[in-house]
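Residues per chain are reported as follows:
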Amino acid sequence: MSENAPLRILHCFRSPVGGIFRHVRDLVEEHRAAGHEVGILCDSSTGGAHEDRLFDSIRPQLSLGLTRIPIRRAIAPSDLAAIYRSYKHIKSLQPDIVHGHGAKGGVLARLIGSALRVNRYRVARLYSPHGGSLHFDRSNLSGQVVLRLERFQEHFGDGLVFVCDYERRTYEAKVGKPRAVTRVIYNGIKDAEFEAIEAGREAPHFLYIGMLRDLKGPDVFIDAFARTERAVGHPLSALMVGDGPDRDRYEAMMAERGLGRRIEMRPAMPTREAFALARTVVVPSRAEAMPYIVLEALAAGKAVIASRVGGIPEVLGETSAALANPGDADDLARIMTQAVTTPGWKDQVMPKPEAFKAVFSASVMARDMLDLYRNLLLTAAAPGQP
């Protein structure tokens, strides 16, 4: 294969929801525009109408197709059937690159890629954790099992890609120093998204957008909003956008605090549509890797308040006044209060747009990823070896 020959790239992941799906879509669009053949293999049991629309938008660019099969979140006997079905499909595609995202995607990419290598087929096998199994704790049995499985799977991979340095450091601390080639390649935003979105003067003060489950901190947001109202001494308004398993519980939480009329809830929608509906984006997550919502909001010119978790400090700045202690509603409310009471708070605290774009653009991300793909393919083991 010549140095500039088009590559056949297959992305494997479980759930087509959230940051992993966004990351893969951006890579698909950038690499397809550069003349490469790209496909997706993911779970068929998750996602809704919003995700179906996103699939429809990129389907014409998936020259290697979109394949969806049942892939459960937890480890289960059904995984064997999913691996076998995936193997047959991936073998038929003859990819040059198999890139797994998240824990289950990493299993598929590395095990199936290794099976192809044993069968005398040259393919590079990559894995991007995207948080995933790195959220597990080594102090309990289930965490030890998952993290040891991560270590074992290094024998079947050629490269590890981390979306931020925090993720790399966490991997080293919990799993061990990687044996494979590693790169930190930041998530990036498309050039078209670097356009400011202004909300009207009557728009809600705060926006939460994301999955409605405790890991993402909607309960912390609701609690902090109530505390912010008490601190400023008058009613405020907020919007929560998203779907998830705990939606009813959060609605009940708002009702108990008398916030039902001042916090509106809407189903998942495109992020840029949501940005036009409120002034300040709040990301109260208890754990993250490198959440796209922070990048998307900054690219749209929004003020962002976020938990000091994952790679968020690498975006906002390690000493940013917009960073709150994770899970701490008091600390989050303190910053939310500053944002609504301090003139010019956004301009004083947010990163400078030019410096932000130079690091967190999709074109930079896709270029660096493609360089890694080619380097790994050149150094891949000879056919017939795992």
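Residues numbered from 1 in each chain as written. Predicted model: local features only at pLDDT ≥ 70, side-chain atom pairs only at ≥ 80, totals over all residues. Heavy atoms only, no water.

Caption draft 1: Structural context of the sheet that holds strand β4 (residues 97-101). One open sheet holds the seven strands; their spatial order is β3-β2-β1-β4-β5-β6-β7, and the pairing between them is parallel. Here the strands that pair on one side only, and so sit at the sheet edges, are β3 (66-69) and β7 (181-184). The average undirected angle you get between the axes of adjacent strands in this sheet is 20 degrees. Inspection of the sheet shows strand β1 (residues 8-13) paired to strand β2 (residues 37-43) by five bridges, in the parallel sense. Residue pairing for β2: histidine 11 is matched across the bridge by isoleucine 40. On top of the sheet, helix α1 (residues 18-33) reaches β1, β2 and β4; it is set at about 170 degrees to β1, its chief contact. (Pairing = 2+ DSSP bridges. Helix = DSSP H or I, 4+ residues; strand = E, 2+ residues; numbered from the N terminus. Axes fitted to C-alpha atoms, helices over the stretch in contact; angles between N-to-C directions. Contact = heavy atoms within 4.5 Å.)

Caption draft 2: Quick peek at the packing of aromatic side chains. In total, this model carries eight aromatic pairs according to the counting rule given. Between phenylalanine 21 and phenylalanine 55 the ring centres are 4.6 Å apart and the planes differ by 45 degrees, which places this aromatic pair in the tilted class. One end of the pair, phenylalanine 21, is in helix α1; the other, phenylalanine 55, is in helix α2 (residues 49-58), with 34 residues separating them in the sequence. Residue class for phenylalanine 21 comes out buried when judged on its relative accessible area of 1%. By way of ring pairs, the aromatic residues Tyr186, Phe194, Phe356 and Phe360 are connected into one cluster. Lying across the ring of tyrosine 127, arginine 110 places its NZ or CZ 3.9 Å from the centre. In this arrangement the basic side chain of lysine 357 is found over the ring face of phenylalanine 194, its NZ or CZ atom lying 5.1 Å from the centre. (Phe/Tyr/Trp six-rings, centres within 6.5 Å; stacked < 30°, edge-to-face > 60°. Buried < 20%, exposed > 50% of the residue type's maximum accessible area, 1.4 Å probe, protein only. Lys NZ or Arg CZ within 6 Å of the ring centre and 35° of its normal.)

Caption draft 3: Up close: the sheet that holds strand β13 (residues 323-324). Taken together, the six strands give an open sheet; going across it, the order is β10-β9-β8-β11-β12-β13, and neighbouring strands pair in parallel fashion. The two strands at the open ends of the sheet, each matched to only one other strand, are β10 (263-266) and β13. Packed onto the sheet, helix α7 (residues 218-232) meets β8 (206-209), β9 (238-241), β10 and β11 (280-283) and runs at close to 170 degrees relative to β8. The sheet contacts of helix α8 (residues 247-256) involve β9 and β10, and relative to β10 the element is tilted by about 165 degrees.

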